[in-house]
Amino acid sequence: MKKIKMLLMMVVVLGWNCKENPKQTEPIMEPEQEIQTTTEVPASIKEIAAFAMSTFTDTTNIQDQIIFKELNTTSGIISTTDLERASDLYKKLANRGQATSLPIFEVKETDLVVLPVQGVGFGGAIWAKVLLDKKALEIKNISFEHKAESEGYGAAVSEKTFEDQFLGVKINLEEDTFTLQKAIEKANDDGHFIDGISGATMTSKGAVSMMNEGLRKYGGYLKSVQ
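Residues numbered from 1 in each chain as written. Predicted model: local features only at pLDDT ≥ 70, side-chain atom pairs only at ≥ 80, totals over all residues. Heavy atoms only, no water.

1. Overview of helix α4 (residues 83-91)
Phase 1: Taken together, the buried positions of α4 are occupied by L83, A86, S87, L89 and Y90. Looking down the long axis of α4, one finds its buried residues gathered within 165° of arc, a one-sided arrangement. (Buried < 20%, exposed > 50% of the residue type's maximum accessible area, 1.4 Å probe, protein only. Helix = DSSP H or I, 4+ residues; strand = E, 2+ residues; numbered from the N terminus. Arc of directions from axis to C-beta.)

2. Some words on the pattern of salt bridges
Phase 1: All told, the structure shown has eleven salt bridges when counted by the stated rule.
Phase 2: The partner of E174 in a salt bridge is K223, and the shortest N-O contact between them spans 2.7 Å. Here E174 is found in the loop between α5 (160-163) and β7 (178-180), whereas its partner K223 is found in helix α7 (residues 219-224), with 49 residues between them in sequence.
Phase 3: The exposed category is assigned to E174, whose relative accessible area is 55%.
Phase 4: Salt bridges linked by common partners bring E47, K129 and E145 together as one network. (Salt bridge = Lys/Arg side-chain N within 4 Å of Asp/Glu carboxyl O.)

3. Details of the sheet that holds strand β2 (residues 78-80)
Phase 1: Reading across from one edge, β2-β1-β3-β4-β5-β6 is the order of the six strands in this open sheet, with antiparallel pairing throughout. Edge positions in the open sheet fall to β2 and β6 (138-146), since each of these has one partner strand only. Between one strand and the next, the sheet's axes are offset by a mean angle of 25°, whatever the strand orientation.
Phase 2: Alignment of strand β3 (residues 101-107) against strand β4 (residues 112-120), held across two bridges, turns out to be antiparallel. Within the sheet, the bridge partner assigned to F105 lies in β4 and is V114.
Phase 3: On top of the sheet, helix α2 (residues 43-52) reaches β1 (66-72), β3, β4, β5 (125-133) and β6; it is set at about 45° to β5, its chief contact. (Pairing = 2+ DSSP bridges. Axes fitted to C-alpha atoms, helices over the stretch in contact; angles between N-to-C directions. Contact = heavy atoms within 4.5 Å.)

4. A look at helix α6 (residues 201-216)
Phase 1: Helix length check: α6, at 16 residues, gives a terminal C-alpha distance of 23 Å against a target of 22 Å (1.5 Å per residue), a fit within 8%.
Phase 2: The set of residues buried in α6 consists of T203, S204, G206, A207, V208, M210, M211, N212, G214 and L215. (Expected span 1.5 Å × (residues − 1).)

Purely spatial values, then, with no claim about function.
Written out as structure tokens, the structure is:
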């Protein structure tokens, strides 16, 4: 009888302990439940993608559509880079002064490439995105931007009427492609004429010079893909 009582007491004690100290179990996370972390795409890269691809949407996986490269303007060496580095290089174009490295944005499975160029206007830095057919060397799209050009004058560099003059032009990698119309005394057949912006001669000269010199910096790269 004593043995039975002792056994009953032991069962009660064990049951109480289990109640007071329930076994703690950690939830097991299945592989598909793991939180996926993604790198936020910089606004500058979204801007490039929208400029280069008519099919771009907010759901486009940019890294599947664009190859990021870097041109060392001193050595002429081209290297593959990543999205973050390309974004940093592009944003630096807004600073006055010659960039020592330039980003290249190749649209996959096409002959299209975005080549940024940098220059100086009347009020400070000016720059442009140039969408080029790298085989035909033809400008397919262009967008000028500026940091401090005067409204009503040099700021017109970013207006469509000025930009459209560059569209469809086949660039020359050896000589100047563009000539500012107001900078010549008589018409000739050298280069593609660009009408300057009224009252903004320095900005106009800066934009034309930027296009001629800026695109020539990519000469080695463009010759290598012909």
